[in-house]
Amino acid sequence: MKYTRLTKQQLEELHQEFINFLATQSITGEEWEKIKTDTPEVAEEELDVFSDLVWEGVLNKVDFVENISAQQMHLFHLTDKEMKLISVKVMNPEIDLTTEIGFNWFKKNWQSDFVEYLSASKAYKDDKNADKFELIQKGAVITKGELYQWFEKVIG
């Protein structure tokens, strides 16, 4: 398995897609029930393959992720060739960017001496989607990139 198995809730939400996936392998609903009962390890493998296919589809479309913690923001633009990073570090230990109060402070003080910026880029390793998935595993969330694009304009 390349990524992680989808959660029970995710699988339930993708129920129709999973049925279609089984159909591409000529597995009927009746046969699926029999596989789950008689050869649960085969059923597990099917769930893993399906999960990987879903993840591949999602990761192929991801262009931006961000990881925001109390004192730092890591904003990534995931281009075809490389990962671009804008890193923001708040040097005021009383500010927590994950709270509304902290983020509002940041919006007013983003140009102050209490805020440091760094931008960098890095080529993907062997597998672009694996690199994207690793960022998500480390806590990054998929976004539309508004924050990254705003910073790119003001500090770029």
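These figures come from a predicted structure and were not determined experimentally.

### Here's the deal with the sheet that holds strand β1 (residues 64-68)
Spatially, the five strands line up as an open sheet ordered β4-β3-β2-β1-β5, and their pairing is antiparallel. One side of each edge strand has no neighbouring strand; the edge strands of this open sheet are β4 (115-123) and β5 (141-143). On average, adjacent strands in this sheet sit at an angle of 25° to one another, irrespective of strand direction. Where β1 meets strand β2 (residues 72-78), five bridges bridge the pair, whose relative direction is antiparallel. Looking at the pairing, I68 lines up with M73 of β2. In the packing of helix α5 (residues 100-109) onto the sheet, the strands contacted are β2, β3 (82-90) and β4, and the crossing angle to β4 comes to about 95°.

### With respect to the side chain of K132
Note on placement: K132 falls in helix α6 (residues 128-137). D63 provides the closest opposite charge to the buried, salt-bridge-free K132, at an N-O distance of 5.3 Å.

### Here's the deal with the confidence of the model for the protein chain
Low pLDDT marks stretches whose predicted atomic positions should not be read closely. The predicted model of the protein chain has a mean per-residue pLDDT of 95, with 99% of residues at 70 or higher. Element-level pLDDT for the protein chain is lowest in helix α7 (residues 146-155), with a mean of 90, against a maximum mean of 98 in β2.

### Section: the packing of aromatic side chains
Under the criterion given, the structure shown has 13 aromatic pairs. For the ring pair Y3 and W55, a centre distance of 6.4 Å and an interplane angle of 45° mean the geometry is tilted. Linking Y3 in the segment before α1 (8-13) with W55 in helix α4 (residues 40-61), this pair joins segments that are 52 residues apart in sequence. Residue classification places Y3 among the buried positions, given a relative accessible area of 7%. Plain terms: the ring middles of F18 and F50 are 5.0 Å apart, the flat faces sit at 75° to each other, and that makes the pair edge-to-face. With a gap of 32 residues between them, F18 in helix α2 (residues 15-24) and F50 in helix α4 connect regions that are remote in the sequence. By way of ring pairs, the aromatic residues F103, F106, W110, Y117, W150 and F151 are connected into one cluster.

### A word on the environment of F151
Assignment of secondary structure puts F151 in helix α7. When the C-alpha positions of F151 and Y117 are compared, they lie 9.6 Å apart, and in sequence the two are 34 residues distant.

### A few points about the pattern of salt bridges
Tallied over the entire structure, the rule returns ten salt bridges. K125 is the partner of E134 in a salt bridge, and the nearest nitrogen-oxygen pair spans 3.4 Å. One continuous salt-bridge network, built from bridges that share partners, spans K2, E56 and D127.

About the cut-offs
Residues numbered from 1 in each chain as written. Predicted model: local features only at pLDDT ≥ 70, side-chain atom pairs only at ≥ 80, totals over all residues. Heavy atoms only, no water. Pairing = 2+ DSSP bridges. Helix = DSSP H or I, 4+ residues; strand = E, 2+ residues; numbered from the N terminus. Axes fitted to C-alpha atoms, helices over the stretch in contact; angles between N-to-C directions. Contact = heavy atoms within 4.5 Å. Buried < 20%, exposed > 50% of the residue type's maximum accessible area, 1.4 Å probe, protein only. Lys, Arg positive; Asp, Glu negative; His and termini not counted. Salt bridge = Lys/Arg side-chain N within 4 Å of Asp/Glu carboxyl O. pLDDT = per-residue confidence, 0-100. Phe/Tyr/Trp six-rings, centres within 6.5 Å; stacked < 30°, edge-to-face > 60°.

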